[in-house]
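Remarks on the overall topology
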Amino acid sequence: MPAAAAAIVQAAAANADKNAAAAAASTVLQVGPEGDESRTLSKGKKGRKKDQAAAAVPQKVYFPKFWQYQPQAHRFYSNIKIQMGVAGLISGNFVCNIIEKWIDPKGTEYAVVWKVFETFWNVMFTIELGLNMYASWLCNFWKSGWNVFDFIVVTIGLLTTFEVPLPGPFSMLRMMRAFRVFRLFKRVKSLNKIMVSLAKALPGVGNAFVILLLVMSIYAIIAVDLFREYGSHEFTVMTEEIDIVNGTKQIVEKEVTKFGYINIKGESVAFASGRSQKYGYEYFDNFGKSLYTMFQVITGDSWSEVIARPLLMCNSVVDAFGVAFFFVSFVIVNGVVLINVVVAVLLEKMVDDPTSKDDEDDDEESDDGEDEELQDDEDDDEESDDGEDEELQDDEDDDEESDDGEDEELQ
């Protein structure tokens, strides 16, 4: 009996060690910056990466006294009230620019007022940029494209405030002040989501635009060959003009040379563009003009009345049918099909939510971790059951041996 009791104690200790090892292997304890226990992560690739990133600390910090308030500055700058305040400043600056260009486009009537406002906005934005740089310095600041954009815009504003002379085309950089409103996209989540979706959709949209440009170029090349000489038919007409002869007004007939086309009745029709130029020369004289004309067609800007319909007035029914097929097919292919392809790509990227995908991946990993833990528990239970069965079998054998010994003694 003492041997059986010792075996039971040893089996229980072995099971306890196995359970402790399984629990330690299945979870990783993450400790917060204050030393308190923050949360427990399930094992997995993402969990290990997060633990490694949290454990990675800079080996050496220069000027520690200067950077000692960086965590507090980061919490202060990241506060939602501070971000909404900065968004209000950006909106106020944008409204101020609108009012300036509305009531004083030249900026000379209220020059002092606009100078005061511009100085105020630049000072506030400089303070905000300095706080952001201190809170996120160094790599975290420059890794963000929005921070780089803020730095460029604020720098240009300071150059304007101090009236730094810029050479040549660099003087146009002062107009970048109007783009300050784009900084709202960084702070308003709904607007930021749209910009991020547009940025991610650029590769797909770029491919769709390449196809659109290729099809448009094909039609432009064909249009140069077909319509370049249209409207170049030269003919003369007799016109009556009032002329002064010997101090009296007289009606004089003169021959005038005009350009146009011959209609289906064989009549010469004078026709010129709105700028009194030959139709073919203005719209389809070379590839550049033709490509821009086809772009006008795809936008729907008077393409039927100004561009297509004059070509339908030719002297051949077959040619008129070809013109109709040319422009209608172009509008269907480019203006309907390919434009909708671009819209579909944009919608696909905007509907996709990368945050939800990450959450699903984390849930799947946590579910896998729970399944592994349950499997380990089941294996431990089976081992413990086997150990108990073996112990019971040993007890039964011991009892049989003791009964046999008693029988022998009685015998």
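Report follows, based on the coordinates. (Residues numbered from 1 in each chain as written. Predicted model: local features only at pLDDT ≥ 70, side-chain atom pairs only at ≥ 80, totals over all residues. Heavy atoms only, no water.)

1. Observations concerning unusual backbone geometry
Phi at E163 is positive, roughly 55°, even though this residue is not glycine. Considering the arrangement of structural elements, one finds E163 in the loop between α7 (145–161) and α8 (184–187). Residue classification places E163 among the exposed residues on the basis of a relative accessible area of 59%. Even without being a glycine, S302 presents a positive backbone phi close to 55°. Residue classification places S302 among the partly exposed residues on the basis of a relative accessible area of 40%. (Helix = DSSP H or I, 4+ residues; strand = E, 2+ residues; numbered from the N terminus. Buried < 20%, exposed > 50% of the residue type's maximum accessible area, 1.4 Å probe, protein only.)

2. Notes on the packing of helix α9 (residues 189–227) against helix α11 (residues 287–299)
At a closest axis distance of 8 Å, the pairing of α9 and α11 adopts a crossing angle of 120°. In this view, α9 runs oblique relative to α11, as classed from their interaxial angle. Here α9 and α11 pass one another in a crossing that is right-handed. Residue-level contacts link L212, M216, S217, Y219, A220, I221, A223 and V224 of α9 to F287, S290, L291, M294, F295 and I298 of α11. (Axes fitted to C-alpha atoms, helices over the stretch in contact; angles between N-to-C directions. Parallel < 35°, antiparallel > 145°, perpendicular 65-115°, else oblique. Left-handed = near helix turned anticlockwise from the far one by under 90°. Contact = heavy atoms within 4.5 Å.)

3. A few points about the environment of F227
Position of F227 relative to the elements: it lies in helix α9. For F227, a relative accessible area of 6% puts it in the buried group. Distance in space between the C-alpha atoms of F227 and Y279 is 8.8 Å, their sequence separation being 52 residues. For F227, the residues in contact, after removing those within four places along its chain, are G280, F284, L311, V323, F326 and F327.

4. Side note on a nonpolar patch on the surface
Side chains of F94, V95, I98, I99, W102, I103, Y110, V113 and F117 sit close together on the surface and give an oily, nonpolar patch of about 860 Å² of accessible area. Elements with a contribution of two residues or more to the nonpolar patch: α4 (80–103) and α5 (111–136). Examining the composition of the nonpolar patch, we find that six residues originate from one element, α4, more than from any other. Summarising the element assignment, Y110 is placed in the loop between α4 and α5. (Patch = residues over 30% accessible without salt bridge, like charges linked within 9 Å, V, L, I, M, F, W, Y side chains within 5 Å. Areas by Shrake-Rupley, 256 points an atom, 1.4 Å probe, with all protein chains shown as cover. Salt bridge = Lys/Arg side-chain N within 4 Å of Asp/Glu carboxyl O.)

5. Quick look at helix α3 (residues 70–78)
Residues three or four positions apart in an α-helix share a direction because the helix packs 3.6 residues into each turn. All of the buried residues in α3 are Q70, A73 and Y77. Projection of α3 onto a plane perpendicular to its axis shows the buried side chains occupying an angular sector of 60°, all on one side. Structurally, α3 contributes buried residues whose contacts are with α4, α5 and α8. (Arc of directions from axis to C-beta.)

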